[in-house]
Amino acid sequence: MYYKFSGFTQRLVGATASAAYNPQGLKPIVPTESPAPVFGTTTKLASDLPATDSFLGKNKVPDLQKFFQKPDGLPVHLKRGVPDRLLYRTTMALTIGGTIYCLVALYMASQPRNQK
């Protein structure tokens, strides 16, 4: 015997096989004609493309690996010079400033107010 959930009684009730497998009156999808193409041009599959194509550009990873692995004593986050130093110092200043602001706010919140 097959069962389905009845929305009216909020219980399981006996049902036929087709009603149990297609609840709420839903019927299986029958394939229809294909939809119109979305793009005006044909698309290429990845398997149709050659292994290296001109739009990929030059691989910069080996050059960057050599640049970042130079033993010059600088940490990795400061290797690119002035922009990295500026970003690092700005981040540190905002972090220290935010910490001081939070401590001052906590101190002010912990003090009782003067009642007049």
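Before any of the text, the structure's been laid out above.
Residues numbered from 1 in each chain as written. Predicted model: local features only at pLDDT ≥ 70, side-chain atom pairs only at ≥ 80, totals over all residues. Heavy atoms only, no water.

S.K.: Account for the overall build of the chain, with residues named and values stated.
M.R.: When you go through the chain residue by residue, the secondary structure sums to three helices and two strands. Starting at the N terminus and ending at the C terminus, the chain contains elements arranged as β-β-α-α-α. A burial count over the chain gives 5% of its 116 residues as buried. Nonlocal contacts in the chain, meaning residues at least 24 apart in sequence, comprise 0% of its contacts between residues at least 6 apart. Here the chain displays about 11,500 Å² of accessible surface, and carbon together with sulfur accounts for 64% of that area. (Helix = DSSP H or I, 4+ residues; strand = E, 2+ residues; numbered from the N terminus. Buried < 20%, exposed > 50% of the residue type's maximum accessible area, 1.4 Å probe, protein only. Contact = heavy atoms within 4.5 Å. Areas by Shrake-Rupley, 256 points an atom, 1.4 Å probe, with all protein chains shown as cover.)

S.K.: Explain unusual backbone geometry to me, using residue names and the numbers behind them.
M.R.: Note on backbone geometry: most residues besides glycine have negative phi, and most peptide bonds are trans. A positive phi is found at Gln10, a non-glycine position, where the angle reads about 60°. Its relative accessible area of 52% is what places Gln10 among the exposed residues.

S.K.: If you had to explain the packing of aromatic side chains to someone new, which residues and values would you point to?
M.R.: Counting across every chain of the model gives one aromatic pair. With centroids separated by 5.3 Å and ring planes inclined at 80°, the aromatic side chains of Phe67 and Phe68 adopt a geometry described as edge-to-face. Given the relative accessible area of 28%, Phe67 is considered partly exposed. (Phe/Tyr/Trp six-rings, centres within 6.5 Å; stacked < 30°, edge-to-face > 60°.)

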